[in-house]
Amino acid sequence: MSVELNSTLSLTNTVTLKNRFYKSAMSEQLADDDHNPTESLFKLYETWAEGGSAICVTGNLMIDRTAIAEPKNCVLDEQSDLDKYRQWARQGTKNNTQLWVQLNHPGKQVPSFISSEPVAPSAIPFEGDLGKGFKAPRAMTEFDILKTIQAFATSARLAKECGFNGVQIHSAHGYLVNQFLSPRHNQRDDQWGGNPENRRRFVLEVYKAVRAEVGDDYPVGIKLNSADFLKDGFSEEDSMAVVKVLTDAGINLIEVSGGTYEAAAMMGVGIKEGTKKREAYFLEYAEKVRQVSGTTLAVTGGFRSSKAMSSALSEGATDLIGIARPMTVEPSLPLKAMNDSNYKIEVNIRSTGSAILDQIGMLDLNWYEAQLARLGKGKLPNENLSGWSVLFHTVASIGRFAFKKRRA
Ligand SMILES: Cc1cc2nc3c(=O)[nH]c(=O)nc-3n(C[C@H](O)[C@H](O)[C@H](O)COP(=O)(O)O)c2cc1C
């Protein structure tokens, strides 16, 4: 059955999506010093709203200001300046766009210049090179766990109060919820670990607490790894079991991703050439999800052409097309792809010319952030932005930390 990119989709009894585009979360690094949203974020999301996506998900917002992942993350808690969040919601929901916030806690995936003692399910440090930029974590107590579950719920309630249209629990890419799910990172022997059911307890309790705060009609989604792609890590079988449990519990949307910053499958690292022929990295997994869950699905990672997007929809592998990096250089991608069945975008990052500088300046990530900052200032994206300009932008934004490891 042919499914058009511009066809509507009923998400809940009260929410109909205007098309099949889903702007996936990208950490913008545009908060102010108190971790509140800024004019740049308002402008950026207004631009994306004009670009035609049915849903735009914010970059990860922290639920606890004592546990932030990166220097310029937003935090949404009782101390936040809610008027600023209201303004963000007003501008980002123009053009009938659904603006959702992504809620996150980094667990131990916090650079050591931000936290000298992060928390995690177990006191297991990252291995190898990663261990150098990230301190060994402290194992969370029962009290920490319950407090954190409640913090997710509080942020969700505030998001709803401020006018956002939905929330997404970030359970992918190696952050806290993912750490609880992973047998490699969660070696607890209490009710929060030790077997798959116990490892799933945290995400389920977070979902239930969020649902209790926002009510039955408010959209709640999750970003879930198909697998972590790590030895002894969260497997496809584990992931499928989470899908079943959350489907039964009433989740409204599952966004499929995969990998962590230890094995970055979500960015296409290590994905087989055969898989890349369909562009998107996680379609095969999504097709398996279809066998066990009727929940609305978004698949993110790799989509670049309207042909591949249309095929994925028509084959029934996904309901929504998740897109991140291309939206930094073409914020109107949804409109363009809907209007041109031959549309295709390629994103090529310009190097500084020095592999070492590219690596320590984290060019791959910072290049996209620099484009987001341009959009936030009302400028056009610059596909030719050089590695050097990116380095200057990052130093101007976060000073000496530009050369410190920020992501695992
Ligand atoms: C600069 C940058 C920041 C990102 N931040 C987040 C984030 O906050 N939360 C998240 O779930 N994924 C984040 N991602 C991953 C994207 O959502 C997406 O999964 C990934 O880029 C693959 O999709 P794409 O091929 O369409 O870019 C980020 C990616 C980039 C490039």
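Calculation criteria
- Here the residue numbers are simple positions, counted from 1 along each chain's written sequence.
- The predicted origin of the model limits local features to residues at a pLDDT of at least 70 and limits the giving and counting of side-chain atom pairs to 80 or more, whereas totals for whole chains, interfaces and linings rest on all residues.
- Computation of side-chain values covers all heavy atoms of the structure but excludes hydrogens and water.
- Note on conventions: DSSP H or I runs of at least 4 residues are helices, E runs of at least 2 residues are strands, and numbering of each starts at the N terminus.
- Radius of gyration here uses only the C-alpha atoms, and the compact-globule reference equals 2.2 Å multiplied by the residue count raised to the power 0.38.
- Accessibility here uses a 1.4 Å probe with only protein chains present; expressed as a share of the type maximum, an area under 20% marks a residue as buried, one over 50% as exposed, and anything in between as partly exposed.
- Accessible surface is estimated by sampling points in the Shrake-Rupley manner with a 1.4 Å probe; for residues, cover comes only from the protein chains shown.
- Positive charges come from Lys and Arg, negative ones from Asp and Glu, while His and the chain ends are left out of the count.
- Think of each charge as sitting on NZ of Lys, CZ of Arg, CG of Asp or CD of Glu.
- Whether a residue is near a molecule or strand is decided by its heavy atoms; if any one of them lies within 4 Å of it, the residue is near.
- Think of a polar contact as two N or O atoms within 3.5 Å of one another; within protein, one of them needs to be a possible hydrogen donor and the other a possible acceptor, and neighboring residues in sequence only count if both atoms come from side chains.
- These domain boundaries are the output of an automatic or database domain assignment.
- Paired rings are identified among Phe, Tyr and Trp, the last through its six-membered ring, by centres lying within 6.5 Å, and are further divided according to the angle between planes into stacked (under 30 degrees), edge-to-face (over 60) and tilted (the rest).
- A positively charged side chain is recorded as over a ring if its NZ (Lys) or CZ (Arg) lies within 6 Å of the ring centre. The angle to the ring normal must also be within 35 degrees.
- Just to be clear on terms, a salt bridge is a Lys or Arg side-chain nitrogen sitting within 4 Å of an Asp or Glu carboxyl oxygen.
- Two strands are said to pair when DSSP picks up at least two bridges between them.
- If you view a crossover with the strands going away from you and the path from the first strand over the helix to the second runs clockwise, you call it right-handed.
- The contact criterion used throughout is that any non-hydrogen atoms of two residues lie within 4.5 Å.
- Each of two parts loses accessible area, computed with a 1.4 Å probe, when they are put together; buried area is these two losses added.

Engineer: Which parts of the structure should I look at to understand the overall build of the protein?
Structural biologist: On a plain count of helices and strands, the protein comes out with 15 helices and 12 strands. Radius of gyration (C-alpha) of the protein: 20 Å, near the 22 Å computed for a compact globule of 408 residues. Counting only C-alpha atoms, the protein reaches 55 × 45 × 45 Å along its principal axes. Within the protein, the fraction of its 408 residues that count as buried is 62%. When the accessible area of the protein is evaluated, it comes to approximately 15,900 Å², of which 48% is carbon and sulfur surface. One way to put it: in the protein the 47 positive side-chain charges average out to a point 3 Å from where the 48 negative ones average out.

Engineer: Could you clarify how one ought to interpret the site of the ligand in this entry?
Structural biologist: The immediate surroundings of the ligand are formed by 22 residues, with A25, S27, Q102, A324 and R325 found nearest. Here an oxygen atom of the ligand sits 2.9 Å away from a polar atom, N or O, in the main chain of G302. Here the ligand has 610 Å² of accessible area as a free molecule, and 99% of this is covered by the chains. Counting only domains with at least three residues in the shell around the ligand, you end up with domain 1 (9-347) and domain 2 (349-408).

Engineer: Would you mind showing me how to read the packing of aromatic side chains here?
Structural biologist: The way to describe two aromatic rings as a pair is by their centre distance and the angle between their planes. In this structure the tally under the stated criterion is 11 aromatic pairs. Consider the rings of Y85 and W88, whose centres lie 6.0 Å apart with planes at 35 degrees: the pair is tilted. Highlighted residues: Y85 and W88, both in helix α2 (residues 82-92), separated by 3 residues, approximately one helical turn. There is no split in this pair, since Y85 and W88 are both buried. Ring plane angle 85 degrees and centroid distance 5.8 Å describe the contact between W88 and F164, whose orientation is recorded as edge-to-face. Taken together, the positions of W88 in helix α2 and F164 in the loop between α4 (142-162) and β8 (166-171) put the pair 76 residues apart, joining distant regions of the chain. Each of the two residues, W88 as well as F164, counts as buried. Aromatic rings pair up to connect Y45, W48, Y85, W88 and F164 into one cluster. A cation over a ring is seen here: K23 above W48, with NZ or CZ 4.2 Å from the ring centre.

Engineer: Honestly, the pattern of salt bridges in this entry has me stumped. Any pointers?
Structural biologist: Pairing between side chains of opposite charge can happen when the charged atoms of each approach one another. In the structure shown here, the tally under the stated rule is 22 salt bridges. Ionic pairing is found between D83 and R86, a salt bridge with its closest N-O pair at 2.7 Å. One end of the pair is D83 and the other is R86, both in helix α2 and 3 residues apart, which spans about a single turn. Since its relative accessible area comes to 52%, D83 is described here as exposed. Note on R86: relative accessible area 31%, which makes it partly exposed. Ionic pairing is found between K208 and E205, a salt bridge with its closest N-O pair at 3.5 Å. In this pair, K208 and E205 both sit in helix α6 (residues 196-214), 3 residues apart, roughly one turn of the helix. You can call K208 partly exposed: its relative accessible area is 43%. Judged by relative accessible area, which is 27%, E205 ranks as partly exposed. The structure contains a network of salt bridges with shared partners spanning E78, R157, E161 and E213.

Engineer: I tried to follow the pairing of strand β4 (residues 55-62) on my own but got confused; where do I start?
Structural biologist: Each regular strand displays side chains that alternate between the two surfaces of the sheet. Across the 8 residues of β4, 8 count as buried, placing the element largely inside the fold. Relative to strand β5 (residues 98-104), β4 runs parallel, the two sharing 6 bridges. For L61, the partnering residue across the bridge sits in β5 and is L103. Once you follow β4 into α2 and on to β5, the crossover reads as right-handed.

Engineer: Would you mind going over the domain arrangement of the protein with me for this structure?
Structural biologist: The figure often quoted for interface size is the accessible area lost as the parts come together. Here the protein is partitioned into domain 1 (9-347) and domain 2 (349-408). For domain 1 and domain 2, the distance between their C-alpha centroids amounts to 23 Å. Of the residues lining the interface, 31 residues belong to domain 1; the matching set on domain 2 comes to 21 residues. With both sides pooled, the region where domain 1 packs onto domain 2 buries about 2,300 Å², and carbon together with sulfur makes up 69% of that total. Broken down residue by residue, the surface that domain 1 buries against domain 2 is led by F113, T328 and V329, which jointly contribute 24%. Inspection of the region where domain 1 meets domain 2 yields 0 salt bridges. Inspection of the region where domain 1 meets domain 2 yields 0 residue pairs in polar contact (both at pLDDT 80 or more). Of all the elements in the fold, those that place two or more residues in the side of domain 1 that touches domain 2 are α1 (39-50), α3 (130-133) and α11 (326-329).

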